[in-house]
Amino acid sequence: MHIVSLAGGIGGARFLRGLRAAAPDADITVIGNTGDDITLFGLRVCPDLDTVMYTLGGGIDEEQGWGRAKESHVVKEELAAYGVEPQWFGLGDRDFATHIVRSQMLEAGYPLSQITEALCARWQPGVRLLPMSDDRCETHVVINDAQGRRAVHFQEWWVRLRASVPAESIALVGVDTARPAPGVLEAIASADFVIFPPSNPVVSIGTILQVPGIRDALLPKTVVGVSPIIGGAPVRGMADACLTAIGVETTAQAVLDLYGADLVNGWLVAEEDAHVSLPGVQVQARPLLMTTPDTTRSLAQAALTLAQSLTP
């Protein structure tokens, strides 16, 4: 069984751990969001790729869901002592090593897909992890605050401002000329079905879908999605701020409508959202909270079962 999953950060990574447990013999390819990527202190940081890699490889800080376990922050403190900006984005000492290796390989001419494969050789995540593109794409957000109307990197809006300043618009800079990373379209073509975990539908899965060729490749496949919204609120994070920026309500129905029946064939929602419907889409209500390994595996199994039932 060959499964493809699109994934963003914490929610996607945790769901993938459940998926791996529910289908231990499956060949799983994960297409990771790189729109969150940013260059800091001269180093290329890929937050979503690293969160998936660390989570599935056993190195994640389980409490916060990102960064390395047993982390220290000596380098961060020393940079702050020098007054080096930005100080709002904190990298741990162990995490710095990953970014140093990645940046050295980029400087040597290796593409991000090969670098990700090399990094995963250490972590052995049990899936094939691919960036959505080797081309540089970065999500930027237009805001209007005390400094006026301006565009900031998504990470500044998300981490420093905590999405407290309303976004007027969100744009993926560089996507027009981007191409899917090697192996992405081939993985989709050979997949038995595709699963969208409960990742941010705008700046995680939605970003991946913007890369030319990826959405079109998904259209003929069986796709099952898991709602990131429960009863009108995000399961985790600030997806509501992203949805508001593109004029979409924060509901399981609105996210399903955003994806569309041409793309999604099955949709898992929370029990309180059992009324959600869209012609051509099979909607099922299931417990969506991934509070334990068992509940996470059960959710992944429900997505698998639905996908298998919808696959010709």
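Up top is the structure.
Residue positions within a chain follow its written sequence, with the count starting from 1. Per-residue local features of the predicted model are confined to residues with pLDDT of at least 70, and side-chain atom pairs are confined, for both listing and counting, to 80 or more; whole-chain, interface and lining totals are unaffected and use all residues. Only heavy atoms go into the side-chain values, all of them from the structure, while hydrogens and water stay out.

Asker: Account for the sheet that holds strand 7 (residues 148–153), with residues named and values stated.
Answerer: Strands were regarded as paired on the criterion that DSSP finds at least two bridges between them. A helix here means a DSSP run of H or I that spans at least four residues, while a strand means a run of E at least two residues long, and both kinds are numbered starting from the N terminus. Taken in spatial order, the three strands make up an open sheet running 7-6-8, and their pairing is antiparallel. The outermost strands of the open sheet, each flanked by one partner alone, are strand 7 and strand 8 (167–173). Between one strand axis and the next, the sheet turns by 25° as a mean value, whatever way the strands run. Bridge count between strand 6 (residues 138–145) and strand 8: six bridges; the pairing is antiparallel. Across the sheet, residue Val142 finds its bridge partner in strand 8, namely Ser169. In this analysis an axis means a line fitted to C-alpha atoms, helices contributing only their contacting stretch, and an angle means the value between N-to-C directions, from 0 to 180 degrees.

Asker: Requested: an account of the packing of helix 1 (residues 10–22) against helix 2 (residues 47–57), with residues and values cited.
Answerer: Close contact between helix 1 and helix 2 brings their axes to 9 Å; oriented N to C, the two are set at 35°. In terms of crossing hand, the pair formed by helix 1 and helix 2 is right-handed. Note on element contacts: helix 2 touches helix 1 through Thr51, Val52, Thr55 and Leu56, opposite Ile10, Ala13, Arg14, Leu16, Arg17 and Arg20. Its residues placed into classes, the contact of helix 1 with helix 2 shows five nonpolar, two polar and three charged. Handedness of each helix crossing follows the sense of rotation of the near helix against the far helix: counterclockwise by less than a right angle gives left-handed, clockwise gives right-handed. Any two residues whose heavy atoms approach within 4.5 Å are treated as being in contact. Under the convention adopted here, Pro, Cys and the residues Ala, Val, Leu, Ile, Met, Phe, Trp and Tyr are nonpolar, Asp, Glu, Lys and Arg are charged, and Gly plus all remaining residues are polar.

Asker: Lay out the layout of surface pockets in plain terms, naming residues and giving numbers.
Answerer: In this model, the largest pocket occupies a volume close to 1,200 Å³. Broken down by secondary-structure element, the contributors of at least two residues to the lining of the largest pocket are helix 1, helix 2, helix 4 (93–107) and helix 6 (154–160). Broken down by element, the lining of the largest pocket gets its largest block of residues, five residues, from helix 2. Residues of the lining of the largest pocket, tallied by class, amount to 19 nonpolar, 17 polar and 11 charged. Buriedness of a pocket was judged along seven lines, with at least five required to meet protein on both sides within 12 Å; pockets are open sets of points on a 1 Å grid over the protein atoms alone, cavities are sets where a 1.4 Å probe fits but cannot get out, and lining residues have an atom within 4 Å of a point. Grid points are joined across faces, edges and corners, and a volume is the space filled by probe spheres set on the points.

All we've got here are geometric facts, nothing functional implied.
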